[in-house]
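One letter stands for each residue in the lines below.
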Amino acid sequence: MRRSSKINTPKFEIQTPKLQATGVLLAGGKSSRMKKDKAFLEIEGQSLAERSLKVLKALFPEVLISSNRPELFTQYELPVIRDEVIGRGPLEGLYQGLKAAKHDVVFFVACDMPFLEIELIRFLARWSLDYDVVVPRLQSGLHPLHAFYHRRCLSAIKNNLEAGRLKIIDFYPVCSAKYVDEKEMGRFSDLTKAFCNVNTPEEWSHINKTITPI
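Here we summarise the structure given alongside this text.

Reading the values: the criteria
- Residues numbered from 1 in each chain as written.
- Predicted model: local features only at pLDDT ≥ 70, side-chain atom pairs only at ≥ 80, totals over all residues.
- Heavy atoms only, no water.
- Helix = DSSP H or I, 4+ residues; strand = E, 2+ residues; numbered from the N terminus.
- Polar contact = N/O pair within 3.5 Å; in protein donor to acceptor, adjacent residues only side chain to side chain.
- Contact = heavy atoms within 4.5 Å.
- Buried < 20%, exposed > 50% of the residue type's maximum accessible area, 1.4 Å probe, protein only.
- Pairing = 2+ DSSP bridges.

### Things to note about the side chain of Asp132
Phase 1: On the secondary structure map, Asp132 appears in the loop between α4 (118–125) and β7 (133–138).
Phase 2: Side-chain polar atoms of Asp132 contact the side chain of Arg152, separated by 2.5 Å.
Phase 3: Apart from residues lying up to four places away in sequence, Asp132 is in contact with Phe148, Tyr149, His150, Arg152, Cys153, Cys175 and Ser176.

Okay, structure coming up:
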């Protein structure tokens with residue numbers, strides 16, 4: 001039984017100009033709970049990494065990949081940014097991505113989010129020049145790996161890295177942060193889907209079961 005490409009393929013519209021920012025795909029996680037690299041889980045024969053990169057390329061003039069295994073991403077012909085210090089988690093990815101980006105504003109997204117919405121990312125970008133951090137805040141919590149960060153965050157991130165404070169949101173209090181609540185994102189109909197991410201085989205199985213066949 002064929003599955004619906006209409007439902008599951010990332011939506012694209014011709015939008016010009018692109019956002020004056022850099023997009024970074026964070027693909028350096030260990031995927032320990034999934035037991036396999038989440039970036040290469042597939043929906044309809046398309047890996048999560050490929051799905052996300054198509055969205056980022058549609059939005060940003062510069063796209064980078066954050067990974068310590070660049071050999072896995074050679075097919076995409078994009079710069080791959082390595083961690084300078086291994087073991088410091090996604091905060092290290094943010095730090096290296098901000099340093100490497102050509103633009104002052106950088107959108108970071110985890111590689112395990114299958115249903116990115118172009119217009120939602122564009123909506124969040126409206127605050128990206130006025131704040132150091134623009135992060136969605138749902139009832140379920142913050143989404144720091146689907147957020148915009150300004151290069152002004154670099155010193156705060158560096159301080160936390162050196163102090164061993166590796167939780168991303170721990171540096172927010174010393175920066176100007178815009179928390180975009182569900183009410184502000186009310187024009188988007190399915191925020192749960194847009195922000196869903198995959199951590200375990202059970203979650204992956206559930207996501208696949210929700211794909212409507214035709």
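### What to know about α4
Phase 1: Counting buried positions along α4 yields seven of eight residues, so the element is predominantly enclosed.
Phase 2: Of the positions making up α4, those classed as buried are Ile118, Leu120, Ile121, Arg122, Phe123, Leu124 and Ala125.
Phase 3: For α4, the elements touching its buried residues are α2 (48–59), β6 (105–110), β7, β9 (146–150), β10 (177–181) and α6 (191–194).

### Things to note about the pairing of β7
Phase 1: Of all six residues making up β7, five are buried, and the element is well covered by its neighbours.
Phase 2: For β7 and β9, the ladder comprises two bridges, and the chain directions are antiparallel. Following the sheet pairing, Val134 is matched in β9 by Phe148.
Phase 3: As paired strands, β7 and β10 are joined by five bridges and run parallel to one another. Looking at the pairing, Val135 lines up with Tyr179 of β10.

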